[in-house]
Structures are given as structure tokens and as C-alpha cells.
Amino acid sequence: MNKDRILVTGGTGYIGSHTVVELQKAGYPVVIIDNLSNSNRDVLDGIERISGIRPDFVEADCTDMEALKALFAKYPDIKGIINFAASKAVGESMEKPILYYRNNLNTLMNLLDLMGPNGVKGIVFSSSCTVYGEPDVNPVTEQSPIKKATSPYGNTKQISEEIITDVINSGAPFKSVILRYFNPVGAHPSAEIGELPNGVPQNLIPFLTQTAIGIRKELSVFGDDYDTPDGSCIRDFINVVDLAKAHVIAVARMLEDKSDEKIEIFNLGTGIGLSVKELIASFERATGVKVPHKIVGRRPGDIEKVWANPAHANNVLGWKAETPIDDTMRSAWAWQCKLRERGIM
Ligand code: UD1
């Protein structure tokens with residue numbers, strides 16, 4: 001049986017590209033829309049080298065309603081949407097809040113507006129553990145309190161969740177699954193796709209792998225005086241392919257009406273909190289490559305510790321993050337080496 005077409009917004013991005021591969025593996029035809037603001041066309045080649053299928057691609061911005069309408073006219077068979085298209089840098093969002101509110105919220109509202117008239121049955125939304133702020137208790141469940149956002153980026157995730165909830169509760173003829181990611185890391189084991197940061201990486205793993213390969217002199221560990229066993233911050237680092245697989249399950253759940261709920265929320269994490277220092281140690285152990293690093297002051301706005309209770313996703317979706325962290329670190333390193341080999345970085 002032919003599967004329904006899935007529209008993946010932001011599908012040439014980091015998590016989007018890995019999800020496209022998993023969708024294709026599961027037999028879904030995909031169309032990607034991406035404005036290439038933080039990715040490039042070569043990602044399509046990487047996807048094709050892994051799956052043997054080149055996804056359809058539309059270069060356009062999801063804030064452009066006319067472009068979206070044209071896309072739905074061209075692909076009347078779209079039945080599901082996975083919305084990755086968003087700006088995602090916390091620091092940048094402090095400097096350019098309007099950019100974040102405009103990109104992230106207008107994209108979502110345009111999609112929600114067009115779903116009903118185009119017969120789309122469901123939308124998966126990329127949310128974040130950032131909605132929990134600094135949790136009072138770890139691990140966090142989906143019922144943990146939502147804390148006031150500390151950045152415009154984080155606020156767009158909270159507001160987006162509220163917009164989806166209001167639209168669904170107003171009787172919209174579709175479903176939604178909201179996925180709250182913890183810290184996605186690593187790359188596809190083939191090293192054909194991975195994270196491609198623009199400029200100096202703000203996130204830990206790209207900075208770490210760039211340091212390991214010599215692009216950066218030294219990794220700064222932001223603080224070792226936190227109230228954690230080794231003093232560095234704790235996160236729940238989840239393998240990006242594991243994360244991508246959860247999207248395929250979420251899409252199938254909506255399109256096949258496997259749940260009576262019109263809106264569902266899941267934490268996607270491993271359930272294991274790992275410190276920044278432990279992560280560096282894992283990378284060095286897994287790859288045999290040393291990462292020059294030094295301890296510096298805390299980064300303003302950082303959360304001390306947060307990790308997931310993934311039981312809801314484990315039990316209801318039948319999904320589990322399985323890749324051991326050392327394997328994930330090896331995949332991140334293989335990707336960095338591939339970028340070097342290709343003369344990209
Ligand atoms: C943040 C957001 C998250 C968002 C993600 C996307 C919060 C609480 N979290 O994650 O929602 O999806 O950005 O970019 O807003 N670190 C270093 N040295 C570095 C870089 C990072 O020590 O050079 C440390 C940080 O202090 C932190 C950990 O590594 O403790 C992870 O940092 P990062 O990868 O930036 O992700 P988050 O801040 O957790």
C-alpha cells in the first residue's frame with residue numbers, strides 16, 4: 001500500500017534531514033520545504049546517498065503564505081506535516097527577537113491555516129525541553145511545570161505549543177503531536193548527513209568536534225561550580241537518529257488514527273543525565289581523540305541540570321532512545337572528519 005506524503009519543513013536542517021531518511025526508510029514519500037537559511041542543497045545529496053531516494057524539494061520560506069499555497073497545490077497528496085522550520089539559537093534570539101517571533105510563529109500559523117483546506121490530517125511539532133526552564137525536580141515528565149521562558153527562542157516554543165492547543169481545541173479537523181526534544185547530538189552512522197553549524201558553533205558538540213579536529217583551539221566548559229556531582233551542567237543527550245525515528249512513529253500515529261487524543265505531548269530523551277565533563281570524556285574514550293578544554297565562567301541563561309523521564313514516549317509510542325553515548329560520539333566525529341575530507345570544514 002502506498003503511504004501518504006509527508007511535508008517536512010526545515011527538512012534540509014540537522015534533525016529534519018535525519019527524519020527525512022527515516023521517513024523514506026518507512027516508505028513515506030516526502031517533500032521538503034526549506035529556505036536554506038541554515039543548511040544547503042548538498043544535504044539532498046547526502047539523503048539520497050543513504051536512502052537511494054532524492055526527496056522532492058521546494059526552496060521557499062514557510063512565512064511566505066503564497067509559496068506554501070503553491071506547494072499544497074502542487075502536492076495535493078500531503079497528509080502529514082513535520083514542522084522543523086524554525087530559528088533555534090538562544091543567544092541570537094536575545095538580539096533579534098522579532099526575527100524569532102516572526103519566523104517561528106508565522107511559519108506555524110501559516111501551516112495550521114492551510115491544513116484544514118488541504119485535507120492534512122496531522123502535524124508533528126518540534127518543541128524543546130526549554131519549556132521546563134530550570135526544573136525543580138529531575139527527571140522531568142510531561143506534567144512538570146512550564147516555566148517562564150528565559151529567551152525569545154524558548155518563548156516561541158511555549159507560544160507555539162499554546163497556538164497548536166488553541167487551534168485543535170477550536171475544533172480543527174486535524175491532530176497534533178508535540179515532541180519536546182532534549183539535547184540532540186551525533187550524526188547518521190553513514191556520515192552522509194549531520195549537523196552543519198553556521199559560523200562559530202554555540203552548541204556543545206559541534207564546538208567540541210571542531211576543537212578535536214583543530215578548527216578551534218580550545219573548548220570552553222561553561223562553569224564547574226554548579227550543584228552537580230562534577231560541577232558542570234547536566235543534559236540529556238539524545239542520538240539524532242533515535243530522535244528522528246520517533247517522528248516516524250508520531251506521524252503514523254496521527255495518520256492511522258491510533259490515538260483518540262487530538263493532541264499529544266511527548267518528552268524525547270534518554271532518561272540519562274550526563275554532565276558536560278562526562279560528555280567530553282565519552283568523546284575522548286570513544287574516538288581516542290583528545291579535546292583541549294578549559295573551565296571558564298558560567299554562560300548566562302544556562303540551565304544547571306535537566307533530563308527527561310521518557311516513560312510516556314516509551315510506553316505509548318513504543319519508542320526508546322537506544323544508541324549508547326559512545327556510539328553517538330563516534331558518529332559525531334566521523335561526520336566532522338567527513339566534512340574535513342570534503343574540504344567543507
Ligand atoms: C539550548 C536550549 C535548547 C535548544 C538548544 C538549541 C535552553 C535551556 N536550552 O540547549 O532548548 O534547543 O539550545 O541550540 O535554552 N557548553 C559548554 N561549552 C560550549 C557550549 C556549550 O560548556 O562551548 C555547555 C553549556 O553550558 C550547556 C551544555 O554544554 O551546559 C549544552 O549546551 P548547548 O549545546 O548550547 O545546549 P543547551 O544550552 O542545553
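It should be emphasised that the depicted structure is a prediction, and the values quoted were computed from it without experimental measurement. (Residues numbered from 1 in each chain as written. Predicted model: local features only at pLDDT ≥ 70, side-chain atom pairs only at ≥ 80, totals over all residues. Heavy atoms only, no water.)

(A) Structural context of the side chain of His247. By the element assignment, His247 lies in helix α8 (residues 240-255). Classification of His247 by relative accessible area gives buried; the value is 0%. A polar side-chain atom of His247 sits 2.8 Å from the main-chain carbonyl oxygen of Leu243. Apart from residues lying up to four places away in sequence, His247 is in contact with Ile15, Thr19, Ile82, Phe84, Val124, Leu179 and Tyr181. (Helix = DSSP H or I, 4+ residues; strand = E, 2+ residues; numbered from the N terminus. Buried < 20%, exposed > 50% of the residue type's maximum accessible area, 1.4 Å probe, protein only. Polar contact = N/O pair within 3.5 Å; in protein donor to acceptor, adjacent residues only side chain to side chain. Contact = heavy atoms within 4.5 Å.)

(B) Here's a closer look at unusual backbone geometry. Cis geometry marks the peptide bond from Asn138 to Pro139; its omega dihedral reads 0°. Note that Pro139 resides in the loop between β5 (122-128) and α6 (152-169). One non-glycine residue, Leu36, lies in the positive phi region at around 60°. Inspection of the secondary structure assignment puts Leu36 in the loop between β2 (30-34) and α2 (42-51).

(C) Local environment of the site of the ligand. Taken together, 19 residues lie near the ligand, and Ser128, Ser220, Arg235, Arg299 and Asp302 sit nearest. Between an oxygen atom of the ligand and a main-chain N or O atom of Lys88, the distance comes to 3.3 Å. Between the ligand and Arg299 there is a distance of 2.8 Å, counted from an oxygen atom to a side-chain nitrogen or oxygen. Here the ligand loses 90% of its free accessible area of 740 Å² to cover by the protein chains. Of all the elements, strand β8 (residues 219-222) adds the most residues to the shell around the ligand, at four residues. Residues of the shell around the ligand, tallied by class, amount to nine nonpolar, six polar and four charged. (Near = heavy atom within 4 Å. Areas by Shrake-Rupley, 256 points an atom, 1.4 Å probe, with all protein chains shown as cover. Nonpolar A, V, L, I, M, F, W, Y, C, P; charged D, E, K, R; others polar.)

(D) Helix α11 (residues 325-341), seen in detail. Taking 1.5 Å as the rise per residue, α11 with 17 residues should run 24 Å; its terminal C-alpha atoms sit 24 Å apart, in good agreement. Listed in full, the buried residues belonging to α11 are Asp326, Thr328, Met329, Ser331, Ala332, Trp333, Trp335, Gln336, Lys338 and Leu339. Residues of α11 that are buried make contact with β7 (183-185), α7 (204-212), β10 (237-239) and α9 (276-287). Phi for Gly343, located one or two positions after α11, is positive at around 75°. (Expected span 1.5 Å × (residues − 1).)

(E) The nonpolar core, seen in detail. Core analysis: the biggest nonpolar cluster contains 39 residues, and Ile6, Leu23, Tyr28, Leu179, Leu268 and Trp319 have the highest contact counts within it. Broken down by element, the residue count for this core peaks at 10 residues, all from α8. Discounting chain neighbours no more than four positions away, the residues touching Leu268 are Leu179, Arg180, Tyr181, Phe182, Ile238, Leu243, Ala246, Ala313 and Trp319. Val31, Leu105, Leu108 and Ile168 belong to the second-largest nonpolar core, a separate cluster that totals 29 residues. (Core = buried A, V, L, I, M, F, W, Y, C linked by side-chain atoms within 4.5 Å.)

The values are spatial; any link to function lies outside them.
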